[in-house]
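Coordinate inspection notes
Listed here are the chains, written in short residue letters.
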Amino acid sequence: MQNIVLIGFMGVGKGTIARELSKESKMFAVDTDDLIESLVNKKIKAIFEDEGEGYFRELEKRCALWLQKSVKGTIISTGGGFYRQKNIKKIGKVIYLESSFEAILNRLKSHPNAKKKLAKRPLLQDIKKAKELYKTRVKEYEKIADVIINVEDKSIKIITKELLSQCRGFGDAR
Ligand code: S3P
């Protein structure tokens, strides 16, 4: 059974969508940031502060190799930079959740836990820099994706429905 790998910019809703898709498809969902946090028993923010981004990227690489080798039939939500893993296409079908930068910011700001949501993301602290990162990343996400789903202004139910029909196209998800 193929995995479904959700990629996209920070705050686009990969984790939320993965959980809803999990509920609807009865496939388990895991998140690469959660896996990394448990591997070193440390929050992503603290990893960036104590060891730096380079070390975090090494952990992402380890995570990617483990997923390829050991995980099947699972929905995998990823950190915004995980798409750069060389083996990503070997992990599963790559689905890019697309949204404008402005809509992502609005989504984060309107969340009841907005402060926490922003604070836990080291690369979202400087909005100008984050926008530059977004511009570079968008082209790369598009290039690597097997499927692109625009999520802007869509309800979680609609997005999940679209994803489910795409997954059926892969021939192995329920
Ligand atoms: C990152 C995105 C974060 C997290 C880390 C780096 C990135 O995950 O992996 O802070 O490089 O875009 P989210 O996309 O869940 O915010």
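This structure is a prediction, so every number in the text was calculated from the model and none was measured.

Moving on, we get to the packing of aromatic side chains. This model, assessed by the stated rule, comprises 6 aromatic pairs. With a centroid separation of 5.1 Å and 45° between ring planes, the pair formed by Phe48 and Phe56 is classed as tilted. The exposure class assigned to Phe48 is buried, which follows from its relative accessible area of 15%. A residue is classified by how much of its surface remains accessible, and Phe56, at 4% relative accessible area, is buried. Measuring from ring centre to ring centre gives 4.8 Å for Tyr83 and Tyr141, while their planes differ by 65°; the resulting arrangement is edge-to-face. With Tyr83 in the loop between strand S3 (75–77) and helix H5 (88–91) and Tyr141 in helix H8 (residues 127–144), this pair connects stretches of sequence that are 58 residues apart.

Our next topic: the environment of Lys161. Along the chain, the position of Lys161 falls in helix H9 (residues 156–170). For the pair Lys161 and Glu20, spaced 141 residues apart in sequence, the C-alpha to C-alpha distance is 10.0 Å.

Attention shifts here to the site of the ligand. In the region of the ligand, 13 residues are neighbours, and Lys14, Asp33, Arg57, Arg121 and Arg137 sit closest. The backbone of Gly81 places a nitrogen or oxygen atom 3.4 Å from an oxygen atom of the ligand. In the complex, the protein chains occlude 94% of the 390 Å² of accessible area that the ligand would expose alone. Among the residues making up the shell around the ligand, the classes are represented as 5 nonpolar, 3 polar and 5 charged.

Basis of the calculations
Here the residue numbers are simple positions, counted from 1 along each chain's written sequence. Residue-level local features of this predicted model are given only where pLDDT is at least 70; pairs of side-chain atoms are given and counted only at 80 or more, and the full residue set underlies all totals for whole chains, interfaces and linings. Note that the side-chain values use all heavy atoms of the structure and ignore hydrogens as well as water. Pairs were defined over the aromatic rings of Phe, Tyr and Trp, the Trp ring being its six-membered one, requiring ring centres within 6.5 Å. Orientation was assigned from the angle between planes: stacked under 30 degrees, edge-to-face over 60, tilted for the rest. For every residue, the accessible area obtained with a 1.4 Å probe (protein chains only) is divided by the maximum for its type, and the residue is called buried under 20%, exposed over 50%, and partly exposed between those limits. A run of H or I in DSSP counts as a helix once it spans at least four residues, and a run of E counts as a strand once it spans at least two, with each numbered from the N terminus. If even one non-hydrogen atom of a residue comes within 4 Å of a molecule or strand, that residue is called near it. Contacts described as polar in this section are N or O atom pairs within 3.5 Å, which, within protein, must combine one atom able to donate a hydrogen with one able to accept it, while residues neighboring in sequence count only if both atoms come from side chains. Each accessible area is a Shrake-Rupley result for a 1.4 Å probe, and residues are judged covered by the shown protein chains and nothing else. We call Asp, Glu, Lys and Arg charged. Ala, Val, Leu, Ile, Met, Phe, Trp, Tyr, Cys and Pro are nonpolar, and the rest, Gly among them, are polar.

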